[in-house]
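Structural features, examined
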Amino acid sequence: MSIIAQVQQSTINSLSALFGQTFTEKDFQVNQTKPEFEGDYTVVLFSLVKSLKQSPDALGKLLGDHLVANNPTLFTQYNIIKGFLNLTVSDNYWLDMLNQHHNDACFGKKALNGQRVMVEYSSPNTNKPLHLGHLRNNFLGWSVAEIFKANGYEVFKTCIVNDRGIHICKSMIAWQLFANGATPQSTNNKGDHFVGDYYVKFNDEYKRQVEELITTGKTKDEAEKEAPIMKATQQMLLDWEAGKPEVMDLWRTMNGWVYDGFDITYKNIGSDFDKTYYESNTYLLGKATVEKGLQQNVFYKEADNSVWIDLEKDGLDKKIVQRKDGTSVYITQDIGLAMQKYDEYKIDQSIYVIGDEQNYHMKVLKLICQKLGLPYADSIYHLSYGMVELPTGKMKSREGTVVDADDIVNEMELVAKEKTEELGKVNDFTNEELTQLFHTIGLGALKFFLLRVDPKKKMIFNPQESIDFHGFTAPFIQFNHARIRSILRKFELNGEWSMVNGFLPLEKELIVALEQYPLILEQACAEMNPSAIAIYVYQVAKTFSSFYTEHSIANAESEEKKQLRLRLAEMTANVIKSGMQLLGVAVPERM
RNA sequence: GGUCCGGUAGCUCAGUUGGAUAGAGCAUCAGCCUUCUAAGCUGAGGGUCAUUGGUUCGAAUCCAAUCCGGAUCACCA
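All values reported here derive from a predicted model rather than from experimental measurement.

**Thoughts on the domain arrangement of chain A**
Along its sequence, chain A is organised into domain 1 (3-89), domain 2 (116-282 + 345-389) and domain 3 (405-582). Measuring from the centre of the C-alpha atoms in domain 2 to the corresponding centre in domain 3 gives 36 Å. A combined buried area of about 2,600 Å² lies between domain 2 and domain 3, and 65% of that area is made up of carbon and sulfur atoms. Here domain 2 is connected to domain 3 by one salt bridge. The salt bridge partner of Lys-190 is Asp-406, with a shortest N-O separation of 2.6 Å. Summed over the shared surface of domain 2 and domain 3, the result is 14 residue pairs in polar contact (both at pLDDT 80 or more). Where the side of domain 2 that touches domain 3 is concerned, the elements lending two or more residues are helix H5 (132-150), helix H8 (191-215), helix H11 (245-269), strand E11 (349-355), strand E12 (380-385) and strand E13 (388-389). Each residue belonging to the side of domain 2 that touches domain 3 can be placed in one class, and the counts come to 18 nonpolar, nine polar and six charged.

Given below as structure tokens:
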């Protein structure tokens, strides 16, 4: 049980004994004591004052005396300042905690709880390579999945690949028109980039044709509809849906190129999936749903044969669920896919990592599922995250301001290389070890930069700042891990030790922080928020760094102190490694 | 226009089931490497928590109004 829970419980017990009233942990607040006051944890008394008809000072005195008298192994003393009851936790409590967990790589992690959770993330289109926005999505989804695992859930990572549709046909048409049979192999280009280039070519040519038509007197709308390349693309989509062999062949070939490229990127950034769904397999899934909805009168049919749902009573709009030609739209496919996921995995919770631009869509999806009475409807959760923007504004593929995922990872690794060589601490590494280290540092810095911000908020990616390896960054945390490992390679922990003179302030600060790790893991899971871990791990590393500078471990004042500090260092390294692992960031032994 | 989200230091962000003098990093300035890795440490300056009103022992946090920014409201996905 965490110390904060023990403070809550003992306070509840004392209040019950003193006043004969029953309280819960929600009736009063327990905070970590501010550094300028004496004590470790603080009970805020104000909320209790009214119902107990006591002044804050009188209540504090009664409660403080009772707590210390009845929990002698937990509390040693207390003080009251303006309605805040500051409790000092006994050194023995902290020592027990340290002895129990300093060597525990699984500290804070929970046993299986029988719940099954699915996390869908990444969800790329196969017409262009991944960019910075996808990276935030990938890192978030992967991390949230790991955080759920650490909290005892059985987790399934999934990905829906948007591998069909008009946007895919655009790349295909452009390839037919301009490629002269070129392939990724013949041009020595990564497959996803190769195909993405033709998507760009399509847009260039489309724009050119539209302008040309406008000069012949067409309106913009007419020109956009009549541009030959657009008509060809629309025809290709029809051919695809009809299964025309040469179109299917080209589609399979080009998607294959893209998948080859994605595989490299995913492997490089450490994304993995237990199951991949393809839109080309799911896009017809809505049909049965539409039938069911019509029978239940959840949906209704318009005169032109299109099918709708009216969500106006729920504060939303009317939404189409099937076109007049009988084909299903995006939302309908999603209902089908949700159904399929549930049937296959019998999940208790289904999390969708999707940008906040689709908040409305996801609200509609869940609402429709609920109205259809589907068993999994309430378990749908949209983990909505904000867009990544540049200092110059939004990323726009048409204006070439998109930060490519492969490029940015490479750049980060390059910066890691430069800085490492500058410092010259690992000159004895082999080339292989160096490559691995640059990857660990560069990719780690990028992941941490994207995960340290609250997912819900949009964030600004400043290329200059992101490559800073100082301060609130992964390299700083990795550096502290490496410093600890360096010490632990040199000195043995002695099995027999005892403590003599109590903790120094920085020792105390560190051990108090370490004790909080299990709570942070719970919080990060409840909020589906990796940034809680990022902030916490940084706090731990920072505290250790001050401690490290101030107090020598190797040349401690006494053998007891040395043993204490070695254990503190070891536990710090374990917590850093564990927390960073949940963010997908590795920590090196040396750097 | 409807709905939703946001506005905290020069910049990027923490902090919101209401708690003590609002915190970090970057940037700026001043110190610190014969001792365990200086990707570091210590200190300084920097704030009308968008604005106004309300709720109360107490508000960055809750409520209302206003201003500003963004997303969304397709027979696109």
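The structure having been displayed, the exposition proceeds.
**Overview of the state of the cysteines**
Under the definition given, this model contains zero disulfides. No disulfide involves Cys-106; its sulfur sits 16 Å from that of Cys-525, the nearest cysteine. For the unlinked cysteine Cys-169, the closest cysteine sulfur is that of Cys-159, found at 20 Å. In this structure Cys-169 comes out as buried when scored by relative accessible area, which is 2%.

**Comments concerning the protein's contact with RNA strand B**
As a structural note, the neighbourhood of RNA strand B is formed by 61 residues, with Asp-304, Lys-394, Lys-425, His-470 and Tyr-548 the closest of them. Between RNA strand B and Lys-34 there is a distance of 3.5 Å, counted from a phosphate oxygen to a side-chain nitrogen or oxygen. One nitrogen or oxygen atom from the side chain of His-470 is found 2.4 Å from a phosphate oxygen belonging to RNA strand B. The set of elements that each furnish at least two residues to the surface near RNA strand B consists of strand E2 (41-44), helix H2 (46-52), strand E4 (84-89), helix H16 (405-423), strand E14 (459-460), helix H19 (474-490) and helix H22 (530-550). For the surface near RNA strand B, the per-class residue count stands at 25 nonpolar, 15 polar and 21 charged.

**Some thoughts on the pattern of salt bridges**
A full pass over the atoms with the stated rule returns 29 salt bridges. Note that Asp-65 and Lys-61 form a salt bridge whose closest N and O atoms lie 3.0 Å from each other. Here Asp-65 pairs with Lys-61, and both are found in helix H3 (residues 56-70), just four residues apart, close to one helical turn. Taking the relative accessible area as the measure of exposure, Lys-61 reaches 46% and is therefore partly exposed. The network of salt bridges with shared partners includes Glu-146, Lys-149, Lys-157 and Asp-272.

**A look at the sheet that holds strand E1 (residues 29-32)**
Judged by pairing direction, the sheet is antiparallel, and its four strands sit side by side in the order E1-E2-E4-E3 without closing on themselves. With partners counted over all chains shown, the strands left at the sheet margins are E1 and strand E3 (75-81), one partner each. For this sheet the average axis-to-axis angle between neighbouring strands, irrespective of direction, equals 25°. Sheet analysis places E1 next to E2, joined by four bridges and oriented antiparallel. Its bridge partner lying in E2, Gln-32 is registered against Tyr-41. Against the sheet, helix H1 (residues 3-19) touches E1, E2, E3 and E4, its axis set at about 40° to E2.

Parameters at a glance
- Residues numbered from 1 in each chain as written.
- Chains lettered and ligands numbered in written order.
- Predicted model: local features only at pLDDT ≥ 70, side-chain atom pairs only at ≥ 80, totals over all residues.
- Heavy atoms only, no water.
- Domains from an automatic or database assignment.
- Buried area = accessible area lost by both parts, 1.4 Å probe.
- Salt bridge = Lys/Arg side-chain N within 4 Å of Asp/Glu carboxyl O.
- Polar contact = N/O pair within 3.5 Å; in protein donor to acceptor, adjacent residues only side chain to side chain.
- Helix = DSSP H or I, 4+ residues; strand = E, 2+ residues; numbered from the N terminus.
- Nonpolar A, V, L, I, M, F, W, Y, C, P; charged D, E, K, R; others polar.
- Disulfide = S-S within 2.5 Å.
- Buried < 20%, exposed > 50% of the residue type's maximum accessible area, 1.4 Å probe, protein only.
- Near = heavy atom within 4 Å.
- Pairing = 2+ DSSP bridges.
- Axes fitted to C-alpha atoms, helices over the stretch in contact; angles between N-to-C directions.
- Contact = heavy atoms within 4.5 Å.

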